[in-house]
Amino acid sequence: MATLPAADRRAFALKINRHSSAEIRKQFTLQPGFAQSCQRSLSTPGFSTFHLPSFYDAVDPVDFEGFLMTQMNNLDLDLAQELGDFPEDDLDVVFTPKECRTLQPSVPEDGVELDSHVKDCVQTYIREWLIVNRKNQGNSDTCSLKNKGSRKDFHKTLQKQTFESETLDSGDATFQMPQHAHAVPEEASRATLACSDLELRSLQPDPRLEQLLRHLSAEEFERLNEEARRTNRHPELLALYPAVDEEDAVEIRPVPDCPKEHLGNRILVKLQTLKFDIEIEPLFACIALYDIKERKKISENFHCDLNPDSLRGFLRSHTPSIDLSTQARSAVFSVTYPSSDIYLVIKIEKVLQQGEIGDCAEPYMVLKESEAGKTKEKIEKLKAQAESFCQRLGKYRMPFAWIPISLSNFFNLSTLEREVQEGEGLNGKGSSSDKKATLLQARRLSERSFNSEDNYPASNFKTISLTLGTFFKQEGDRLSDEDLFKFLADFKRSSSLQRRIKTLPGTLKVEISPAPENIGYCLTPELLPLKPFSENRNRPHKEILEFPVREVYVPHTIYRNLLYVYPQRLNFANRLASARNITIKIQFMCGEDPSCAMPVIFGKSSGPEFVQEIYTAITYHNKSPDFYEEVKIKLPAKLTEKHHLLFTFYHISCQPKQGASVETLLGYSWLPILLNDRLQTGHYSLPVALDKLPLHYSIHSPEKIPSQTPPIKWVEGHKGVFIVEVQAVSSVHTQDNHLERFFTLCHSLESQVTFPIRLMDQKITEASLEHELKLSIICLNSSRLEPLVLFLHLVLDKLFQLAVQPMVIAGQTANFSQFAFESVVAIVNNLHNSKELSKDQHGRNCLLASYVYYVFRLPDPQREVVKPGGGSSAISTESRYYTFGRTSAVSVGSKLLQSRVISCSNPDITVTQAATDEEVKNIVASKPMDHSSSRMSYCVEGTSDMSGLCASTRPSNKKHFHEELALQMVVSTGMVRESVFKYAWFFFELLIKSMAQYVHNTEKEDTPRRSRFSDRFKDDITTIVSVITSEIAALVVKPPKESEQAEKINISLAFFLYDLLSLMDRGFVFNLIKHYCNQLSNKLNSLSTLISMRLEFLRILCSHEHYLNLNLFFMTSASAPASPSLSLSSQNSSSCSSFQDQKITGMFDLSAEYRQQHFLTGLLFTELAAALDADSEGISKVQRKAVSAILSLLSSHDLDPRCSKKEVKIKIAALYLPLVGIILDSLPQLHDFTISDIRSGKGRTGNPEEEQESAGAINQNVALAIAGNQVNIRNSGISLASLPYRQSATLGPDTTRNLLICFLWIMKNADQNIIQKWIADLPSMQLNRILDLLFICVSCFEYKGKQSSDKVSTQALQKSRDVKARLEEALLRGEGARGEMMKRCRIPAGNDRSAGLNENLRWRKEQTQWRQANERPDKTKAELDQEALISGNLATEANLIILDMQENIIQASFAAECRDNLLGGVLKVLVNSLGYDQSTTYLTHCFATLRALIAKFGDLLFEEEVEQCADLCQRVLHHCSSSIDITRTQACATLYLLMRYSFSSTSNFSRVKMQVTMSLASLVGKSPEFNEEFLRRSLRTILAYAEEDTDMQATPFPIQVEELLCNLNSILSDTVKMREFQEDPEMLMDLMYR
């Protein structure tokens, strides 16, 4: 940035002296207020100087706690109390029971002494969530957006407003045309006046206003008007206003999703029928899901038995009992990653019998049950045969048939694209930088995880019933999963599979549907009943466990401990002849005795739930068979080295031989469950032993068993002939070396173990324990991401425990704090950097956010852990407290935390060091020095005599987690430090939660906040905030990626201070805020960036639920002392009245005193004033931000039930009074809605007052051009010619509208007496500004009607304006098209910081007047009606507030001298408002005010305000032709009064006559929708008034009125005729002469 910005270069080249537009504006607008103050300039080498307004420095905040104590008596405490517990605490530490899906939580079996790791796991899964709430937090601004949503029925409370524009197109009965339209005969048009008069009298007049002719004093008239206006008003203006754009709403901190068990998309599969053409034997089905693209089985097996009782009876001798859970016929499958490659495969087995599969299947292919005669005999014979096989071989199965069902129809392919992304979203692949998308995605995902009604497949498919008629026969030599995947791939490609494989005819009926959320009577994969569980159903549903194709990053929340064993292949080809029909008996043993087989294997269908052994299916006469069995085992919670899997191989003889047994033993193999105390999983090739196994075989693995005597005989000389796979799904066994190691070492510290301990294949002595543990802590981060996430909660709990747990190992004090902290930092960094994991809109990793919110709790109260050794355990406990030993903390902290110690990644960063040191010192020094001992001296003394000092300041050796964490953050260096700042949100939230628990646990809630936390801790916090602020300042000026990071850190810091306000001394936190603000302004040299950062920061702080109390809003009333120093008595002095006046004017100023007392609001207003005052690149975006921050605050007050009382609202409005001053000062920058408004008749040109007012001043644009400042011209979307006296607008229409609604809100809710006193003291110039502001408000809040069909035209208009503005800009700058192009090349796309035009270029949605009407073009009629209803009410309320203000001005200035000047201004606004489409409610009040004005200032009006009077006549006459009765009644009364007062003041009303006549002519000529019938009726009504007016009967007035009306009536008839006779020139001439 060594070069100057373009504008400066140009100014230099043209030798023009350049000033900021703000300065020039001040010279020409003579504004009161603070902005004339000098400016301080900041210049940094290499940067152009930029000016900060002097008022921009944050002031010293009020000492909040001290102030409350001293002022308690004189405060309006009732008000403060209403806004929540104030100033008491509202912390709430809640233990919320976990939502458990099952009736009982899943826990290990009873009666076993668990080891500490399993205990910890189970404890983590069943303990309650600990949530820290603040009781009133729901009332804060954070909820305002939710509230907006929750006010769905809000529109039902609104009154429907009637608008002329809408009655014209609706043929409503009340507004139908009078029946006698065109009753005038044609000749009449040439008749005399008298005739016209007759015709007028023949009409029926409208009802008249009774009190119009009564004698009332002007005051009484005004009082009645005001009463009428005040009734039936809408209390909450901003409830009617469209919500502020959510993209600015940084203060919404989403509550993280509650951790829960992961469930994919759930599909309910019901098996209804399974039978072949002949029913001769029992058949067994087994169902699972396969993904052929990933070549993976993606669910466990579901066994199901659909046999009729008669066939099931064949097996009675083999089934001792049948448990209900094994009779399920429907299963719930879960699919996390849906795809079109998923198949549901149903395999069918039958009882073993003699013969190949083909032979056994033959009868099924040729016979049919229905055929009689011989066939029937054959079937009976087969049945008898089957029965004998069942009795003999009933416990063995053989493969028989299978059938695939593709699920691609169910996961509707059109939506698959979305699903894949969402599936990734589950692991956060789609972590886009677009906040809204992330928000939506997060919302959708959180809904998805449990609510299957909303699951996307559910929305894509309805229940489908399938009936399939052909089964594929199993091929005995192709049974493995690889073969199955090949078959499925062929099947997917074509149906050629059916030609190659034999098929069997049969019937399979399946129903597949989305699983309902609460399915009722369902069992988990562990067979635990789920809620709701009804006992009376006969068959349960079963949940089937998913094996997802990719990792699922969801931490474990339930105890699950399952093992799956898959025997795959056996090779006995070179083995003795007897091995042909081979089966394997699989058992889970807890010892070597045969009685040690444990009943932990899940049974199949129609049998016991758990069995001790399972046999694999048999392929007939195959020496090297493939297996497809899945053996599911419930692992015992405590495993020992005796536990192993035992495989026994048998040959089964199918033919009964005399005396021979069915089974012939072939050999054994086994697999120990634990290896080095770790669960064994994976693929194994095991050798098979032929003889009985030797003693203690199970301790060794079969490949490595030492040589025995007698030696073991092995098949094929100890070769691995048996291939088996073992997989675990466990929330206890980590299956990751690093995690396993870490947990083992942690537990060796916690429980009494004997050394040395064995870890994997190494032995660890007590001496090396500390070293090994540190190593394992450091290596934690190297573990695989999936296990790390699965055990995340436990890992973090353990690390936090280590951080504060004092340890003595072998007599030495071991300190793990720093290692534990650094490990946590590394894990946090790792999780944030993973592309797989999702983040919320503030970039916070969702897993960590939910950990802090729900899981984290203070580590258990310290048990002193002493590992005996060396006898030196008598070390004094005091010295052991220091984790880092504060000595090393001193050496690190001696420079008191350089902003960054040289970072390993970037050695050049050290330059900022010295400055930061100074800064930190200053901040620490500037704190009120009431500490008993300063931290610095403390540390230094500590080096000499640690223990003595320690004993004095800290009686217990207990380490507090929050102090330890803050200390570690402070002393961190290098990369650790960088990560701490980058992901500061996590450490901040940990600090807050631990502080809250600390306050709660130690019952410190009653202690005054000042003494809750140690001074040392406060110093640490000060340092952290200071260093982080420097970090933000350093990052924000870097390229986009870093500056985005800075914005996130900035938001985290704001939330931290926001939370601290509820925990710590509030004055201390205010000081931190002050330092933050000043530090940023010292470091940053781009004003827009600076304001933008400070704004987001303040916006979050201001969303605090006690925001109003924090700002001492109850101090704002006129009676309260303006500062704590002013005593009440001083107000009773003689100078009382003038003092009051000064005070009232002062209430509208942003004085230093105001900013001190109302600290946060003062800061926010300072930002707004600076933003409006500034004139740098990209400032318009910042202005929009500033205004929307204030608007959202005001909205939150309107939506907060605590603020609904009138007296509270008045106080709140008083807090915002300085905003009025700021808005008035920015008047020249507002977007002028009147200019773009084509309907508003004349613009604002040529009004005498304006010329008068600006006679002394130079035209603003000329002035600016003279000063060489064309900058502001480019910001204007409006052509300069149309602006005679205003500076070109710099705020976009949206920002302006938001600012104006804030102004109206204050005017509506403020104490009207204060407003009137304030107005009374204002100079007329300021009053004119207020009127100008009201004039803009009228055009701004115009009602746009239901259909916003002019959307396109406004966009087109805007576009042409933009082009024009840019053209002007280029001309003014003397740049050509080439320059324009160069500039476009320079500005990177989408970087609107540098686009000066950006406010105007955002025309996509902002320019259409009501955004909400255009956001979604496909709105329903009901929605459109509702929107019209709300915006109609808004327009009415806004205009009524404007009217109230005008009444205030009239009343306040009536006494003053300047009323003549003001009257014109007031009239101008009133007349302007009559030119828009207004509701009848408003028109009624507006006409009433007009009549009061005519009555009060008649003479002035007719003499001075000639032009206004003409405009008024035209507007009133226009409303006389309204189709709505009420409006016509009001308009007639007003017009009559106008004539009458005009007559009384000059005793003839020729001028009004002339004006009315001219108005009528122009009205009839111009207005196409004009209706002369209604106007005639109005003329008749006015005539009726004239006749009934007894006071005027003695004067010539009634006759003059009648003449005028007849005249008007004939003009009306003739003009209408002229329209009809357009084609007849003679007739036209005739009419014209009339």
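Bear in mind that the values here come from a model prediction, so they are computed numbers and not experimental data.

Enquirer: Is there a simple way to explain the packing of helix α40 (residues 1179-1199) against helix α46 (residues 1293-1309) in this structure?
Expert: Between two packed helices, what matters for the description is the angle formed by their axes and the separation of those axes. Orientation of α40 relative to α46, taken along the N-to-C sense of each, is 35°, at an axis distance of 9 Å. Judged by the twist between their axes, the crossing of α40 over α46 is left-handed. Of the residues in α46, those touching α40 at Gln1183, Arg1184, Val1187, Ile1190, Leu1191, Leu1194, His1197 and Asp1198 are Thr1295, Asn1298, Leu1299, Ile1301, Cys1302 and Trp1305.

Enquirer: Mind showing me how you'd approach the confidence of the model for the chain here?
Expert: One rule of thumb: low pLDDT means the predicted coordinates there are not for detailed reading. Averaged over all residues, the pLDDT of the chain equals 76, while 72% of them reach at least 70. With pLDDT under 50 throughout, residues 1237-1289 is counted as low confidence; its partners more than four residues away or in other chains account for 108 contacts. Here residues 1348-1357 is modelled with pLDDT under 50, and outside its nearest four sequence neighbours on either side it reaches eight contacts, counting other chains as well.

Enquirer: Would you take a moment to explain helix α29 (residues 961-971) for this structure?
Expert: Think of an α-helix as 3.6 residues a turn; residues three or four steps apart then line up on the same face. With 11 of its 11 residues buried, α29 lies for the most part within the structure. The set of residues buried in α29 consists of Phe961, His962, Glu963, Glu964, Leu965, Ala966, Leu967, Gln968, Met969, Val970 and Val971.

Enquirer: Where do I start with the environment of Leu1080 in this structure?
Expert: Tracing the backbone shows Leu1080 in helix α34 (residues 1066-1083). Leu1080 sits in the buried class, given a relative accessible area of 0%. Each C-alpha atom, one on Leu1080 and one on Ile1032, is 8.3 Å from the other, the two residues being 48 residues apart in sequence. Setting aside its immediate chain neighbours within four residues, Leu1080 contacts Thr1029, Ile1032, Ala1033, Leu1090, Met1093 and Arg1094.

Enquirer: Can you walk me through the sheet that holds strand β20 (residues 613-615) in this structure?
Expert: Across a sheet, strands are paired by hydrogen bonds formed along the backbone, either parallel or antiparallel in direction. If you trace the four strands from one edge of the open sheet to the other, you get β20-β17-β22-β23, paired in antiparallel fashion. Whereas interior strands pair on both sides, the edge strands pair on one side only; in this sheet they are β20 and β23 (663-672). In this sheet, neighbouring strand axes are inclined to one another by 20° on average, regardless of whether the strands run parallel or antiparallel. The pairing of strand β17 (residues 582-589) with β20 spans three bridges and is antiparallel.

Enquirer: Quick question: what am I supposed to make of the pairing of strand β16 (residues 561-570) here?
Expert: On a regular strand, one side chain projects to one face of the sheet and the next to the other, so that they alternate. For β16, a buried count of eight out of 10 residues is recorded, marking the element as mostly surrounded by other parts of the structure. As paired elements, β16 and strand β21 (residues 631-634) share four bridges and run antiparallel to each other. Paired with Leu563 across the two strands is Ile633, which belongs to β21.

Enquirer: Mind showing me how you'd approach helix α11 (residues 357-366) here?
Expert: Within the sequence span of α11, burial applies to Ile357, Cys360, Ala361, Pro363 and Tyr364. Here the buried residues of α11 occupy an arc of 140° about the axis, which is enough to place them on one side. Relative to its buried face, α11 has exposed residues pointing more than 90 degrees away, namely Asp359 and Val366.

Enquirer: Please clarify how unusual backbone geometry should be interpreted in this entry.
Expert: Outside of glycine, negative phi angles account for most residues, and trans bonds account for most peptide bonds. Of the consecutive residues Lys531 and Pro532, the connecting peptide bond is found in the cis state with omega at -15°. Position of Pro532 relative to the elements: it lies in the loop between β14 (522-523) and β15 (541-543). Unlike most non-glycine residues, Asp677 shows phi in positive territory, near 65°. One can find Asp677 in the loop between β24 (674-675) and β25 (678-679). For Gln735, which is not glycine, the phi torsion reads 55° and is therefore positive. Within the secondary structure, Gln735 is located in the loop between β27 (722-730) and α18 (737-750).

Enquirer: What should I look at first to understand the packing of aromatic side chains in this one?
Expert: Pairs of aromatic rings are described using the distance from one ring centre to the other and the angle between the two planes. Applying the stated criterion across every chain, the model contains 45 aromatic pairs. Summarising the aromatic geometry, the rings of Phe647 and Phe722 are spaced 5.0 Å apart at their centres and angled 70° between planes, so their arrangement reads as edge-to-face. Residue Phe647 is located in strand β22 (residues 644-652), and its partner Phe722 is located in strand β27; the two are separated by 75 residues in the primary sequence. Taking relative accessible area as the criterion, Phe722 reaches 0% and is therefore assigned buried. A ring pair is formed by Phe1055 and Tyr1058, whose centres lie 6.1 Å apart and whose planes are at 90°; its orientation type is edge-to-face. With Phe1055 and Tyr1058 both in helix α33 (residues 1040-1060) and three residues apart, this pair spans about one turn of that helix. The buried category is assigned to Phe1055, whose relative accessible area is 6%.

Conventions we followed
- Residues numbered from 1 in each chain as written.
- Predicted model: local features only at pLDDT ≥ 70, side-chain atom pairs only at ≥ 80, totals over all residues.
- Heavy atoms only, no water.
- Axes fitted to C-alpha atoms, helices over the stretch in contact; angles between N-to-C directions.
- Helix = DSSP H or I, 4+ residues; strand = E, 2+ residues; numbered from the N terminus.
- Left-handed = near helix turned anticlockwise from the far one by under 90°.
- Contact = heavy atoms within 4.5 Å.
- pLDDT = per-residue confidence, 0-100.
- Buried < 20%, exposed > 50% of the residue type's maximum accessible area, 1.4 Å probe, protein only.
- Pairing = 2+ DSSP bridges.
- Arc of directions from axis to C-beta.
- Phe/Tyr/Trp six-rings, centres within 6.5 Å; stacked < 30°, edge-to-face > 60°.

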